[in-house]
Amino acid sequence: MSIKTDDDAVSGVKLTKRQRRASHIADAAAGGVKVLLLKLLLLGVVDAVAIYGVVILATAGQWLVAAIVVGVAAIVNWIYFSRRKLPAKYLAPGVIFLILFQVFVLVYTGYIAFTNYGTGHNGSKDQAVSSLMSSSLERVEDSRAYPVTVVDQAGTLGLLVTDADGEAMLGTADTPLAPVNATIEDGRAVAADGWSTLQFADVIARTDAISELSVPFSDDPNDGALRTPDGASAYLYTSSLTYDEQAGSMTNLDTGTVYQDNGTGAFTSEAGEVLMPGWQIPIGADNFVRAVTDQRLTGPLVYVTLWTFAFALISVASTFFLGLLLAMVFNDARMRGRKYYRVLMILPYAVPSFLSALIWAGMMNESFGFINQVLFGGASIPWLTDPVLAKFSVLLVNLWLGFPYMFLVCTGALQSIPDELQEAARVDGASPWSVFRLIKLPLLLVSVAPLLIASFAFNFNNFNVIYMLTDGGPRDASAPIPVGHTDILISMVYKVAFTGQTRDYGLASAYSIIIFIIVAIISVIAFRRTKSLEELS
Amino acid sequence: MRVTKKSLLSVGAVAAIVTLGLTSCSSGESGAEKETTSPEAAASSLTVWVDAERVDALQGAADSYSEEKGIEVNLVGKDTADIKDDFIQQVPTGKGPDVVMGAHDWLGELSTNGVVAPIELGDSAADYLPVAVDAATYEGTTYLLPYAVENIAVLRNTELVPEPAADFDDMIAKGQAAGLDQPFVVEQGAEGNPYHLYPFQTAFGAPVFGSNDEGYDPADLQIGNAGGDDFAAWLGSQGKNGTGVFNTDIDGDIAKQSFLDGKAAFWLTGPWNVGAATDAGIDVAIDTVPSPTDAAAAPFAGVKGFFVSAESKNKVAANDFLVNYIGTEDVQMDLFASGNVLPALAAAAEEASKDPIIAGFAAVGAESVPMPAIPAMGAVWENWGIAEATVINGADPKATWQKMAADVQSLIDG
């Protein structure tokens, strides 16, 4: 609507000054109301979502996140209700997304890299203590299951136990079991004088207190204590660990060993014996130190790093030159049916790379694969199991996966080079090769160079191809960690940190930061260099 | 100009909504999990993470429990591949489920991370198959309510070979007599597959760890004993430079295909593949694993069951639900119907064994040993399969095997 009036005004319909002013005011008012309504509606939705989020977060006790949501909602309202703040109106959504998906992830990865987060160091110290205490409970051998009823007297919980002879006994956390007068139904004591019996719903409501409740069997603590896991039967337990809150230490009652909290995130005895689980603590730069000094890793690290560079560089070069060659061939006007060929060329690009890699892995199987069986007439070529051939296979598959992208990019870049340049060169007597080398390639590189750098960074961390094709294999049997001959840095890190039964998120984060720094440095240097190319155009 | 501004505004608003939505989701998680975190709901509901394929089987038990005890049971179907890692990561934040379905060999990892609470089976422990109770116990404490026992056995194509084989050589001979190039297939791969080769290893008297009264003893590595050397020598003789019975190029899919195509008469695999074979119209019989020695070939048993979260606010209800509901014959039979895996409860196992296939697996399972759950197993898995694969491919059996045992020992010693 408003465009139409603008157009009318521009198209030169003569209006008096007053008419023009009046129409502008009317126009602004009309659009303003609509815009305002829309703005109110959308901001209303934003605020409604924010309030919903805050309520949920507040009930979950996530005060920090709730405060952030309130803050973001307030800023969004302020920006869009303000009459000025035009740049902020454009920038706000992008900035919010940037913070959420990039900055937050980076900061969090950085934070994890400085902690010992991983298997055995998963939660807080309180959780570790309670978990150790509960797992140290051992049911007294051959002790029977006691039918129990949970009873309450002025807030004190007690267990009403029916013993082997059908006699009722009652005890609380502080008083050991003692005989008591009780109502017995079906051989089970269900109520005692002066105590109120908890119904199942009450038992559930007081789960925490009941799971903590431990009723001494007798005055002798060595006889153990009764605990009820389900509120209906109790068992006699003894504990092998005791926690001294003052000293912050665990003591094994059977052996007398004392386990201290030495600030390593786990209870450790003097002999170096560690009780698991431990808990999560910040450990400074330990993970980074370990990443470069760990005896198990330093050996493989060198050749894995070399291979990673080789893999990334060769992949970029091979895909680029094949893509460029095909782009030039299909860019030639003399070629017929170019459209169909181009579609065919893009096909590998359309299949998800992890799927294609998996299919290639099947085709390259030594005894049963399509390549050996059909193309090589039943030869047994160890495509994926010989260290050298496996490297070649990985590069070949990555070439197959990567050239369509380069083909597309080069086709676009070639078409943007004016034909006149080529004409002029030819008139001056240049050979096709010099036209390509001196004119087309440099002009092409101006637009393609940044993409080549991006492609290098991508291949440097090309986890999909390695994981799905060879999984880093064939294994290097001499290495102390499960690293293989085709592992690149990122897949090695994955194996070290995430395979097997021990996860080490801290170490993995430290590695990913190191890899990020390597890629960043290379990219910065390469971008600096390519600036000289831009002077060409 | 105004049009652009308006559309930009709406884009911005949508972005903000999404952002706020995500922020609130990231700590609220899905609807079912939310209820465990809000205090008023905590008293009356249990959240159970279940393998997505078992949700329907458990629904009946969940409903009847809700009806009887007034506690809502929310079953959340989870992808099998993520369930363990999600559980380990979420429990310490207090957002995980009250109960999770899993396998007994997770125990070492779960217990090292302190995310599981002990369960007391009480007198009902005697009602379960002994192997299930052994597997549920870790360092002397029970953590798992078992519902199924799974082990591998030999599937035989009765059309090709009508009679079961007496021993390993007899199996190969019977298959060759039926005119097959490759009578027996077993899942391998470039990195080996010790799980599937374990029955043969036990036949040579080489378990991974020795055991004490608390279960497997990580300090007593047995894999490199004399029996281990014999096993390695035998494996080499059946590999690339020998009879060629074992081939690391045969992975799970290739093994399956040759059995389904009738190119192989014997297939060492688990109950999860029986459906595919019967669907392909093959008349399948389940045999014990033919032993290459005089001793029995005992496979690993994997026991599936339910764990209680260490941070659950509803431990009493969770224990009650598991021990007194999941532990009943009806529920175990429901779970059996959904997975066709032998129930862990003895009475249900007997009932299920009316099916000859299940009875076959149960017979093999009677000889099985629980797969070790101790964290030291991680070090074993890393090297074990590779050593087997290299032996099959022609490396010196004894040297390879002893190096593997030494590597594992040094990994365990740290």
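Conventions we followed
Residues numbered from 1 in each chain as written. Chains lettered and ligands numbered in written order. Predicted model: local features only at pLDDT ≥ 70, side-chain atom pairs only at ≥ 80, totals over all residues. Heavy atoms only, no water. Helix = DSSP H or I, 4+ residues; strand = E, 2+ residues; numbered from the N terminus. Rg over C-alpha atoms; globule rule 2.2 N^0.38 Å. Buried < 20%, exposed > 50% of the residue type's maximum accessible area, 1.4 Å probe, protein only. Contact = heavy atoms within 4.5 Å. Areas by Shrake-Rupley, 256 points an atom, 1.4 Å probe, with all protein chains shown as cover. Lys, Arg positive; Asp, Glu negative; His and termini not counted. Charge placed at Lys NZ, Arg CZ, Asp CG, Glu CD. UniProt positions renumbered as here; feature names shortened; annotations may be inferred. Buried area = accessible area lost by both parts, 1.4 Å probe. Salt bridge = Lys/Arg side-chain N within 4 Å of Asp/Glu carboxyl O. Polar contact = N/O pair within 3.5 Å; in protein donor to acceptor, adjacent residues only side chain to side chain. Nonpolar A, V, L, I, M, F, W, Y, C, P; charged D, E, K, R; others polar. Domains from an automatic or database assignment. Patch = residues over 30% accessible without salt bridge, like charges linked within 9 Å, V, L, I, M, F, W, Y side chains within 5 Å. Pairing = 2+ DSSP bridges. Axes fitted to C-alpha atoms, helices over the stretch in contact; angles between N-to-C directions.

This brings us to the overall build of chain A. Looking only at helices and strands, one finds 18 helices and 16 strands in chain A. Against the 2.2 N^0.38 benchmark of 24 Å for 537 residues, chain A shows a C-alpha radius of gyration of 36 Å, more extended than a compact globule. Taken along its principal axes, the extent of the C-alpha atoms in chain A is 115 × 90 × 45 Å. Buried residues in chain A amount to 39% of all 537 residues. Long-range pairs, those at least 24 residues apart, make up 58% of the contacts in chain A with a sequence separation of at least 6. Split by element, the accessible area of chain A, about 29000 Å² in all, is 64% carbon and sulfur. Positive and negative side-chain charges in chain A, numbering 35 and 45 respectively, have mean positions lying 29 Å apart.

The topology assignment puts V69 of chain A in helix α3 (residues 63–81). Sequence separation of V69 of chain A and A50 of chain A is 19 residues, and the distance between their C-alpha atoms is 6.4 Å.

Attention now moves to the UniProt feature "domain: ABC transmembrane type-1" (unreviewed entry) in chain A. UniProt marks residues 305–526 of chain A with the feature "domain: ABC transmembrane type-1" (unreviewed entry), using the numbering shown here. What you have in residues 305–526 of chain A is 73% helix and 0% strand, and the ends, taken at the C-alpha atoms, are 19 Å apart.

Moving on, we get to the interface of chain A and chain B. If you look at the interface, chain A gives 73 residues, while chain B gives 73 residues. For the pair chain A and chain B, the two sides together bury roughly 6300 Å², of which 62% comes from carbon and sulfur. If you sort the residues of chain A by the area they bury against chain B, N122, R475 and Q501 of chain A come out on top, with a joint share of 11%. At the boundary of chain A and chain B, one finds five salt bridges. Among the ionic pairs, R139 of chain A bridges to D123 of chain B, the shortest N-O distance being 3.9 Å. Joining chain A to chain B, the criterion identifies twelve residue pairs in polar contact (both at pLDDT 80 or more). Looking at the side of chain A that touches chain B element by element, the count peaks at 15 residues for helix α2 (residues 17–59) of chain A. When grouped by side-chain class, the residues that make up the side of chain A that touches chain B number 41 nonpolar, 22 polar and ten charged.

Glancing now at the domain arrangement of chain A. Often the size quoted for an interface is simply the accessible area lost on bringing the parts together. Partitioning chain A into structural domains gives domain 1 (24–113), domain 2 (125–275) and domain 3 (298–471). Just the C-alpha atoms count here: the centres of domain 2 of chain A and domain 3 of chain A sit 67 Å apart.

Here the focus is the environment of S318 of chain A. Examined against the element boundaries, S318 of chain A turns out to sit in helix α9 (residues 295–331). Each C-alpha atom, one on S318 of chain A and one on T149 of chain A, is 76 Å from the other, the two residues being 169 residues apart in sequence.

On to the UniProt feature "transmembrane region" (unreviewed entry) in chain A. Residue and element names in this part refer to chain A. UniProt records the feature "transmembrane region" (unreviewed entry) at residues 36–57, 63–81, 90–114, 306–331, 343–363, 392–414, 435–458 and 508–527, using the numbering of this structure. Annotated as residues 36–57, this span is 100% helix and 0% strand, and its ends, taken at the C-alpha atoms, are 31 Å apart. Here residues 90–114 is 96% helix and 0% strand, with 36 Å between the C-alpha atoms at its ends.

Okay, a negative patch on the surface next. On the surface, E138, E141, D142 and D254 of chain A together with E139, D213 and E214 of chain B cluster together into a patch of negative charge. Inspection of the secondary structure assignment puts E138 of chain A in strand β1 (residues 137–139). Exposure remark for E138 of chain A: the relative accessible area of 33% places this residue in the partly exposed category.

Right, let's talk about a nonpolar patch on the surface for a bit. A cluster of nonpolar side chains, L86, Y90, L91, V95, L98, I99, V103 and V107 of chain A, forms an exposed patch at the surface whose accessible area comes to about 700 Å². Checked against the element boundaries, V95 of chain A lands in helix α4 (residues 86–113).

Sheet strands associate in pairs through backbone hydrogen bonding, adopting either a parallel or an antiparallel arrangement. Residue and element names in this part refer to chain A. Spatial ordering of the open sheet is given by β12-β13-β14-β15-β16, a layout of five strands whose pairing is antiparallel. Among the strands making up the open sheet, the edge pair consists of β12 (241–244) and β16 (274–275). Where β12 meets strand β13 (residues 249–252), four bridges bridge the pair, whose relative direction is antiparallel. Residue pairing for β13: Y243 is matched across the bridge by M250. Its contacts with the sheet place helix α5 (residues 125–135) against β12, β13, β14 (258–261), β15 (267–269) and β16, and it is angled at close to 150 degrees to β12.

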